[in-house]
Amino acid sequence: MSAVLKPANQGERKAFYDKIDVHNVSPLWEVLHGIIIKEPNSAAMPYLWSWARMRPWLLESAGLITAEEAERRVLVLENPGLRGKTRITNSLYAGLQLIMPGEVAPAHRHSQSALRFVVDGRGAYTAVDGERVFMEPGDFIITPSWTFHDHGNPGKEPVIWLDGLDVAIVELFDAQFLERPEAKSQKTTRTQGGSFASFGNTMLPVNYKPSSHTSPLFWYPYDRSRAALAGMSQSGPAHPAHGWKLQYINPATGGYPIPTIATFLQMLPKGFRGREYRSTDATTFCVVEGRGSFRCGGQDFAFAPKDVFVAPSWRQYRLDADEECVIFSFSDRPVQQALDLWREQESA
Ligand SMILES: [Fe+2]
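What counts, and where the lines are drawn
Residues numbered from 1 in each chain as written. Predicted model: local features only at pLDDT ≥ 70, side-chain atom pairs only at ≥ 80, totals over all residues. Heavy atoms only, no water. Donors = N, O, S within 2.8 Å, 3.2 Å for Na, K, Ca; no water. Helix = DSSP H or I, 4+ residues; strand = E, 2+ residues; numbered from the N terminus. Buried < 20%, exposed > 50% of the residue type's maximum accessible area, 1.4 Å probe, protein only. 1 Å grid on protein atoms, 1.4 Å probe; cavity = no way out; pocket = protein on both sides within 12 Å on 5 of 7 lines; lining within 4 Å. Points joined across faces, edges and corners; volume = space filled by probe spheres on them. Nonpolar A, V, L, I, M, F, W, Y, C, P; charged D, E, K, R; others polar. Expected span 1.5 Å × (residues − 1). Arc of directions from axis to C-beta. Contact = heavy atoms within 4.5 Å. Pairing = 2+ DSSP bridges.

Draft legend 1. Quick peek at the coordination of the iron ion. H108 (NE2), H110 (NE2) and H149 (NE2) make up the full set of protein donors to the iron ion, lying at 2.1 to 2.2 Å. Between the donor residues of the iron ion, the gaps in sequence give the motif H-x1-H-x38-H. Here H108, found in strand β4 (residues 104-110), pairs with H149, found in strand β9 (residues 149-152); they are 41 residues apart in sequence, far enough to count as distant. Take H108 and H149: they sit in the same class, and that class is buried.

Here you go:
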């Protein structure tokens, strides 16, 4: 007698599935081809949020709720393919946060790591672990996992920045913690600019030993980053897809500043016509200077300063520049590389 059994008919299979289903068991073969797929097929879509649209809405929100009541007054940039999931890509969250003159966004700390990229306005500060830094447009600032942080605006103008957080990654591991101290603002215990003096000049304090995977430098001022790009542009040709592109680093390790999020700043020369490119790390871009276009997934988005746009995982995109452009971007590349998942592909 053969050991190979005759396959059951559809009715018998259904009865079997129903029998095991009530005990939380299911047949892999019914879903296998949707789980193990040939290449990424993200539900995320390319999209652009224009500053011209977002700025009036942010200011309108200031009339509806205070920063203190909201805890963080943020308009979330939700990917159109991932609505309701509070994220801009499958793994990362992005939002535009507004703090009005005289407001304080109270202190708290959480497991999620955050980046701030200052978009508009001057005179507000972020305090991280007892050190305040006043933010200028184009500055990149880190809030490391589980460090107390609060924001305040003793200045005269509204200040808006882009937040990027690894919310969905921490949620994947069910590793979220949050703590709110009684005091709204942290006591300043460290000199402003202290971390920059120690770590911001390609040198390290001689006995420094890292205590976490996050950069000890938490403020990367725009003038320094832009000067580096300008210098690069004088010393060598632009990359065909990226122009001149630098990644921000943890000066103590040479790794990424945040364990879960990579950040970059790139410059495109006037008239640049970028080569098509794709990578598995879906990437969120924020324009600092210049106008041009972002083409992705058959769509063409014209961009201008302070606009935010997103390229989904493994979707071809290209960047063209009508003027000299400087663009900040971030993605989950460190996580993918740590797990040997990251791939990129440049068109010939
Ligand atoms: Fe926070």
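Back to the text.
Draft legend 2. Expanded view of empty space enclosed by the protein. With the rule as written, the count across this model stands at 1 cavity of 30 Å³ or more. Size it by volume and the largest cavity reaches roughly 30 Å³. Taken together, S279, D281, A282, T283, A311, P312, R315 and Y317 make up the full set of residues lining the largest cavity. Of the residues in the lining of the largest cavity, the class split is 4 nonpolar, 2 polar and 2 charged.

Draft legend 3. The arrangement of helix α3 (residues 51-62) in detail. The end-to-end C-alpha distance of α3 is 16 Å, a good match for the 16 Å that 12 residues give at a rise of 1.5 Å each. What α3 keeps buried is the set W51, M54, L58 and S61. Buried residues of α3, viewed axially, fall in a sector of 90 degrees; they line one side. For α3, exposure combined with an orientation more than 90 degrees from the buried face picks out A52 and E60. Among the structural elements, β1 (47-49), β2 (74-76), β3 (93-99), β5 (114-120) and β10 (159-165) are those in contact with the buried residues of α3.

Draft legend 4. Structural view of the pairing of β4. With 6 of its 7 residues buried, β4 lies for the most part within the structure. Where β4 lies against β9, 3 bridges are found, and the strand directions are antiparallel. Bridge pairing links V104 to G152 in β9. Relative to strand β11 (residues 178-179), β4 runs antiparallel, the two sharing 2 bridges. Counterpart to R109 in the pairing with β11 is E179.

Draft legend 5. Highlighting the layout of surface pockets. For the largest pocket, the calculated volume is near 760 Å³. Around the largest pocket, the lining is made up of 24 residues, and of these T280, S313, D332, Q336 and L341 lie nearest the centre. At the level of secondary structure, the elements contributing two or more residues to the lining of the largest pocket comprise α5 (167-172) and α8 (333-338). Of the residues forming the lining of the largest pocket, the biggest block, 3 residues, is contributed by α5. In terms of residue class, the lining of the largest pocket is built from 11 nonpolar, 8 polar and 5 charged.

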